[in-house]
Amino acid sequence: MASILVLNGPNLNMLGTREPGIYGAATLADVEQDCTAAAAELGCQVAFFQSNFEGALVDAIQGAMGVHDGIVFNAGAYTHTSIALHDAIGATGLPVIELHISNVYARESFRHKSMLARACVGVIAGLGTAGYPLAVRAMLTHLQGTS
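First, a word on what this report is: a plain description of the structure on this page. (Residues numbered from 1 in each chain as written. Predicted model: local features only at pLDDT ≥ 70, side-chain atom pairs only at ≥ 80, totals over all residues. Heavy atoms only, no water.)

**Considering the overall build of the protein chain**
A count of helical and extended segments in the protein chain gives five helices and five strands. Each helix and strand of the protein chain, ordered N terminal to C terminal, gives the series β-α-α-β-α-β-α-β-β-α. Principal axes of the C-alpha set define a box for the protein chain whose edges measure 40 × 30 × 25 Å. The buried share of the protein chain, reckoned over its 147 residues, is 44%. Considering only contacts within the protein chain whose residues lie at least 6 apart along the sequence, 77% involve residues at least 24 apart. On the protein chain, roughly 6800 Å² of surface is accessible, and the fraction owed to carbon and sulfur atoms is 55%. Each charge sign in the protein chain was given a centre, from 6 positive and 11 negative side chains, and these centres are 10 Å apart. (Helix = DSSP H or I, 4+ residues; strand = E, 2+ residues; numbered from the N terminus. Buried < 20%, exposed > 50% of the residue type's maximum accessible area, 1.4 Å probe, protein only. Contact = heavy atoms within 4.5 Å. Areas by Shrake-Rupley, 256 points an atom, 1.4 Å probe, with all protein chains shown as cover. Lys, Arg positive; Asp, Glu negative; His and termini not counted. Charge placed at Lys NZ, Arg CZ, Asp CG, Glu CD.)

If you want it as C-alpha cells, here you go:
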C-alpha cells in the first residue's frame, strides 16, 4: 500500500486564523482529516508533519526515504527561498508535489518564483485547501504510473 507524507512548512499551523481571506477558514486539522478521507477512499496511507523550521523540514524529507513513496509539500514561504529544501528533495529521489493554498501567481511578485518546482513532479496552486486531497490523488496516480 502506497504511503504519502503530507508536509507543511511555516505558518501553516495557523490555518483557520491566519489571513482567512487568502487561506480560508479550514484548519490544519481539517486539512489532515480531508487527506485521511481521500487516502482511505484511494487505498493508500498518509502521514503528516508540520514545522516552522527549515532544518526540520529537510530532516522530514530525508526521513521519508524508505518510509514513504511520495511527498505532498506546502513549503509556505520557504518555497521562494530555500535551496536546502530543493536539494533535500533531489537527494531523496522521492516524487514531490509542490502545493499552495493560494494562487501564488496572483500575489506579490516575490511569490512567483519557486526554488522547489524544478525538483518536483508537479505543482498545485490556488485551489484552497481542496488542493490537498487533490494532491494526494495526483501523487497516487503518479506512483501508479497512470498519470
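**Details of the sheet that holds strand β3 (residues 70-74)**
The strand order across the open sheet built from five strands is β2-β1-β3-β4-β5, with neighbouring strands paired in parallel fashion. Both edges of this open sheet fall to β2 (45-50) and β5 (122-125), since each of them pairs with a single strand only. Ignoring strand direction, the axes of neighbouring strands in this sheet form an average angle of 20°. Taken together, the six bridges between strand β1 (residues 3-8) and β2 define a ladder with parallel strand orientation. From the neighbouring strand, N8 faces β2, where its bridge partner is Q50. Together, β1 and β2 form the strand contacts of helix α2 (residues 28-42), whose direction differs from that of β2 by roughly 160°. (Pairing = 2+ DSSP bridges. Axes fitted to C-alpha atoms, helices over the stretch in contact; angles between N-to-C directions.)

**Structural notes on the nonpolar core**
In terms of nonpolar packing, the biggest core is built from 22 residues, with I4, L15, C44, V72, Y132 and V136 touching the most fellow members. With five residues, the single largest contributor to this core is helix α5 (residues 131-143). If sequence neighbours within four positions are ignored, V136 has contacts with I4, V6, C35, L42, C44, V46 and V72. Counting residues in hydrophobic clusters, the runner-up holds 18 residues, among them F73, A75, Y78 and A88. (Core = buried A, V, L, I, M, F, W, Y, C linked by side-chain atoms within 4.5 Å.)

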